[in-house]
Amino acid sequence: MSLEKKINIRENESIVRIVNRYFLVDWWKYIFGFAFLAAASFWMFQLFSYGYWGYTVYGLLILVGLYIVFRTWFFSRNNIFVVTSERVVDVHRAGWFDVVMSSIGYKDIKDISIRKKGVCANLFNYGTVIIQSKSNRFVLEILKINSPQELQTLLDDLREQYKMDRKLIDVKTIYNNFLKIIPELDDKKLQNISELIAEELEPIEEEDDEDDEDEDDDEREDEVE
């Protein structure tokens, strides 16, 4: 299943960034898994000399090592944070067949903060991004990602852009609704609207006149020269 279908991407919504867990935070798991594989390779001939039991132990070491490495890679790759043009989605895989998806729209975000705890987090620049909803009932945490301050800035910019886009949409909606009700207005209301429009147009006409006068003055100066 594609990521767009998994998070149920909406019409006119686009994916801006996909954030994965920082690979360095799981280094010890990879070392632990490769240690089993190294042990199996190092003791391989000695284990084979024990016959059936040796083959069994060798096979178990290989299986455990591969399982640890693959499990670490699989969960690191599939625990992701998706940033779209309208919301943020946390795809958390708690188990092989257990997936939890949480999302919050930009209009519902109250605060975005980051936390870097420990020497390693500050040394290698990874941490947690915490998103708090306006209702204070929902907190979204993106754990142990690289350069969390970069994601914080991106989310702040997208949130502001979303607010501006919503304002434009609201203005267009009001304008379209206004055009629809014009035929239903009586003469008095239309007259009031006409007067208001005239008042708004007067400053624009005055500015145009001033611009024309400035152009005429410039032309006269050129002729004199």
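Preceding block: the structure.
Residues numbered from 1 in each chain as written. Predicted model: local features only at pLDDT ≥ 70, side-chain atom pairs only at ≥ 80, totals over all residues. Heavy atoms only, no water.

**Examining helix α2 (residues 27-42)**
Every α-helical turn comprises 3.6 residues, leaving residues that sit three or four positions apart pointing alike.
1) Next: Here α2 contains 16 residues, and its C-alpha end-to-end distance of 22 Å stays within 8% of the 22 Å for a straight helix at 1.5 Å per residue.
2) Next: Of all the residues in α2, the buried ones are Gly33, Leu37 and Ala40. One side of α2 holds all its buried residues, which, seen down the axis, span an arc of 55 degrees.
3) Next: Lining the buried residues of α2 we find α3 (44-48) and α4 (52-78). (Helix = DSSP H or I, 4+ residues; strand = E, 2+ residues; numbered from the N terminus. Expected span 1.5 Å × (residues − 1). Buried < 20%, exposed > 50% of the residue type's maximum accessible area, 1.4 Å probe, protein only. Arc of directions from axis to C-beta. Contact = heavy atoms within 4.5 Å.)

**Topic: the pairing of strand β6 (residues 126-133)**
One face of the sheet, then the other: side chains in a regular strand alternate in exactly this way.
1) Next: Taking burial as the measure, the eight residues of β6 include six buried ones, the bulk of the element.
2) Next: As paired elements, strand β5 (residues 109-115) and β6 share six bridges and run antiparallel to each other. Residue pairing in the sheet places Asp111 in a bridge with Gln132 of β6.
3) Next: Here β6 runs beside strand β7 (residues 139-146); their pairing, made up of six bridges, is antiparallel. (Pairing = 2+ DSSP bridges.)

**Comments concerning the sheet that holds strand β4 (residues 98-105)**
1) Next: A sheet is described by the order of its strands in space; here four strands give the open sequence β1-β2-β3-β4, paired in antiparallel fashion. Strand pairing shows two members of the sheet lacking a second neighbour, β1 (15-20) and β4, which therefore form its edges. Averaged over all adjacent pairs, the angle separating strand axes in this sheet is 15 degrees, with direction ignored.
2) Next: Across eight bridges, the pairing between strand β3 (residues 87-95) and β4 is antiparallel. Of the residues in β4, the one forming a bridge with Gly95 is Asp98.
3) Next: Strands in contact with α4 are β1, β2 (80-84) and β3; relative to β3, the strand with the most contacts, it is inclined by about 160 degrees. (Axes fitted to C-alpha atoms, helices over the stretch in contact; angles between N-to-C directions.)

**Comments concerning the packing of aromatic side chains**
Here a ring pair, both rings aromatic, is described through the centre-centre distance and the interplanar angle of the planes.
1) Next: A full pass over the atoms with the stated rule returns 15 aromatic pairs.
2) Next: Judged by centre distance (5.2 Å) and plane angle (90 degrees), the rings of Phe32 and Phe36 are edge-to-face. Here the residue Phe32 and the residue Phe36 both occupy positions in helix α2, the gap between them amounting to four residues, near one helical turn.
3) Next: Since its relative accessible area comes to 45%, Phe32 is described here as partly exposed.
4) Next: Residue classification places Phe36 among the partly exposed positions, given a relative accessible area of 23%.
5) Next: When the centroid spacing of 6.2 Å and the interplanar angle of 50 degrees are considered together, the rings of Tyr67 and Trp96 count as tilted. One end of the pair, Tyr67, is in helix α4; the other, Trp96, is in the loop between β3 and β4, with 29 residues separating them in the sequence.
6) Next: Judged by relative accessible area, which is 30%, Trp96 ranks as partly exposed.
7) Next: An aromatic cluster is built from Tyr67, Phe70, Trp73, Phe74, Phe75 and Trp96, whose rings are joined through pairwise contacts.
8) Next: In this structure, Arg71 is placed above the aromatic ring of Phe75, and the distance from its NZ or CZ to the ring centre is 4.5 Å. (Phe/Tyr/Trp six-rings, centres within 6.5 Å; stacked < 30°, edge-to-face > 60°. Lys NZ or Arg CZ within 6 Å of the ring centre and 35° of its normal.)

By themselves, these observations are geometric and do not establish any function.
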